[in-house]
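Residue-level structural notes
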Amino acid sequence: NPAIAARSRSVSGIGGRELKAGGVMRTSSLSSSSRQIRRSTFKFAFGWVLQQRNTDALLIIRNDHVVYERYAPAYSRTKTHYTASMAKAVVGATTLMLAMDDGLISPDDKAGRFVRSWANIPLKRDITIRELAMRYSGMPNNQGLCWWVNHEPDGWRNWPKAPDDAFWGDGSGNQFVLVVPSLNLIVVRNGQFLDTDVNFDSPIGRYIVDPVMSAFS
């Protein structure tokens with residue numbers, strides 16, 4: 001469960017301080033940037049998302065502190081939740097980066113070097129790790145590692161209210177993890193689809209990204 005995993009890495013940052021019921025941390029020892037959060041925005045926007053938009057878990061970490069943590073009645077910080085393709089972003093991409101950092105693999109290595117059964121298949125033997133990771137392999141159902149960047153090479157910004165350095169991973173049911181390095185911010189959302197009547201990205205922007213950016217502006 002990314003929500004639990006992300007929180008586990010941040011426990012040392014909160015030093016055992018308690019979260020007030022309702023999810024918003026209230027403690028004078030938080031950094032000034034965390035205290036500047038518009039709590040009314042949190043209570044309205046994220047409470048509404050939980051109640052009306054099929055959200056089972058919502059976790060927000062700022063400057064290594066858990067500043068918001070809420071769960072639907074059937075869920076808790078100890079109950080796991082499926083992540084769909086978001087697992088590719090969290091587990092697959094992290095594993096690939098570690099292997100690259102250790103010099104065990106290169107983006108331009110042939111995948112057949114690691115998947116021996118591909119070595120003698122013409123349509124697969126020349127596919128590279130880079131092509132698999134970025135969905136350019138030409139193979140059916142190749143979804144890549146499911147990480148996306150906010151600022152595209154052509155200047156397009158997927159989330160206009162989010163900084164250029166924002167990036168995210170997602171999966172079916174609008175499972176979502178957003179990372180914004182310039183804000184020292186991580187947001188994790190698990191649940192069902194936020195809105196089945198529109199495309200996949202629109203409700204994520206409307207109900208998660210935009211309210212988060214408003215709260216931290």
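Presented here is an overview of the structure given in this document. Residue numbers restart at each chain and count upward from 1, following the sequence in its written direction. Side-chain atom pairs in this predicted model are given and counted only at pLDDT of 80 or more, local residue features only at pLDDT of at least 70, and totals for whole chains, interfaces and linings cover all residues. Excluded from the side-chain calculations are hydrogens and water; all other atoms, namely the structure's heavy atoms, are used.

We define a salt bridge as a side-chain nitrogen of Lys or Arg found within 4 Å of a carboxyl oxygen belonging to Asp or Glu. What the rule picks out here adds up to six salt bridges. Here Arg 53 and Asp 195 are joined by a salt bridge, their closest N and O atoms 3.8 Å apart. Here Arg 53, found in the loop between helix H4 (39-52) and strand S1 (55-62), pairs with Asp 195, found in the loop between strand S6 (185-191) and helix H7 (201-216); they are 142 residues apart in sequence, far enough to count as distant. Here's how the labels work: a residue is buried when its accessible area is under 20% of the maximum for its type, exposed when over 50%, partly exposed in between, all with a 1.4 Å probe on protein chains only. Given a relative accessible area of 13%, Asp 195 falls into the buried group. A salt bridge links Arg 157 to Asp 164; the shortest N-O distance between them is 3.0 Å. According to the relative accessible area criterion, Arg 157 is partly exposed, its value standing at 30%. A run of DSSP states H or I qualifies as a helix once it reaches four residues; a run of E qualifies as a strand once it reaches two. Both are numbered from the N-terminal end.

Turning our attention to the sheet that holds strand S5 (residues 175-180). The strand order across the open sheet formed by six strands is S2-S1-S6-S5-S4-S3, and the pairing between neighbours is antiparallel. Each of the sheet's edge strands pairs with one partner strand only, and the pair in question is strand S2 (65-71) and strand S3 (147-149). On average, adjacent strands in this sheet sit at an angle of 10° to one another, irrespective of strand direction. Any two strands are treated as partners once DSSP identifies two or more bridges connecting them. Note on geometry: axes are C-alpha line fits, over the in-contact stretch for helices, and angles between N-to-C directions span 0 to 180 degrees.

Residue placement: Arg 189 occurs in strand S6. The class of Arg 189 is buried, set by a relative accessible area of 0%. Put simply, Arg 189 and Asn 174 are 15 residues apart on the chain and 7.8 Å apart in space, counted from C-alpha to C-alpha. Contacts between residues were defined by any pair of non-hydrogen atoms, one from each residue, lying within 4.5 Å. The contacts of Arg 189, once residues within four sequence positions are left out, are Arg 53, Asn 54, Thr 55, Ala 57, Leu 58, Gly 173, Asn 174, Gln 175, Phe 176, Leu 194 and Ile 208. Any pair of nitrogen or oxygen atoms within 3.5 Å is treated as a polar contact; in protein, a donor-acceptor pairing is required on top of that, and neighbouring residues in sequence qualify only through side-chain atoms on both sides. At 3.0 Å, the side chain of Arg 189 forms a polar contact with the backbone oxygen of Arg 53. There is a polar contact of 3.0 Å between the side chain of Arg 189 and the backbone oxygen of Asn 174.

Right, let's talk about the pairing of strand S4 (residues 167-171) for a bit. For S4, the buried fraction is high: four of the five residues fall into the buried class. In terms of strand pairing, S3 meets S4 through three bridges, oriented antiparallel. Each bridged residue has a counterpart across the sheet, and for Trp 148 the counterpart in S4 is Trp 168. With five bridges joining them, S4 and S5 adopt antiparallel strand pairing. Its bridge partner being in S5, Asp 170 is matched across the sheet by Phe 176. Linkage of S4 to S5, two consecutive antiparallel strands, is achieved through a turn of three residues, within which Gly 173 is found at a positive phi near 85°.

This part covers the environment of Met 213. Residue position: Met 213 is located in helix H7. Separated by 30 residues in sequence, Met 213 and Leu 183 have C-alpha atoms that sit 9.7 Å apart. Setting aside chain neighbours within four positions, we find Met 213 in contact with Lys 161, Ala 162, Pro 163, Leu 178, Val 180, Leu 183 and Leu 185.

A word on helix H5 (residues 86-101). Expected helix span is given by 1.5 Å per residue-to-residue step, counting one fewer step than there are residues. The terminal C-alpha atoms of H5 lie 22 Å apart, and with 16 residues this matches the ideal 22 Å at 1.5 Å per residue to within 8%. If you check which residues of H5 are buried, you get Met 86, Ala 89, Ala 93, Leu 96 and Ala 99. Of the residues one or two after H5, Gly 103 is the one with positive phi, at around 75°.

Glancing now at the packing of aromatic side chains. Note on ring pairs: Phe, Tyr and Trp rings are taken, using the six-membered ring of Trp, and paired if centres are within 6.5 Å. Classes follow the plane angle, with under 30 degrees stacked, over 60 edge-to-face and the rest tilted. The full count for this structure, using the stated rule, is three aromatic pairs. Ring geometry for Trp 159 versus Trp 168: centroids 5.1 Å apart, planes at 50°, classification tilted. Accessibility expressed as a relative area gives 5% for Trp 159, which makes it buried. A ring has a charge above it when a Lys NZ or an Arg CZ is no more than 6 Å from the ring centre and no more than 35 degrees off the ring normal. Directly above the aromatic system of Tyr 75 lies the positively charged group of Lys 79, at a separation of 4.7 Å from the ring centroid.

Read these as geometric descriptors, not functional statements.
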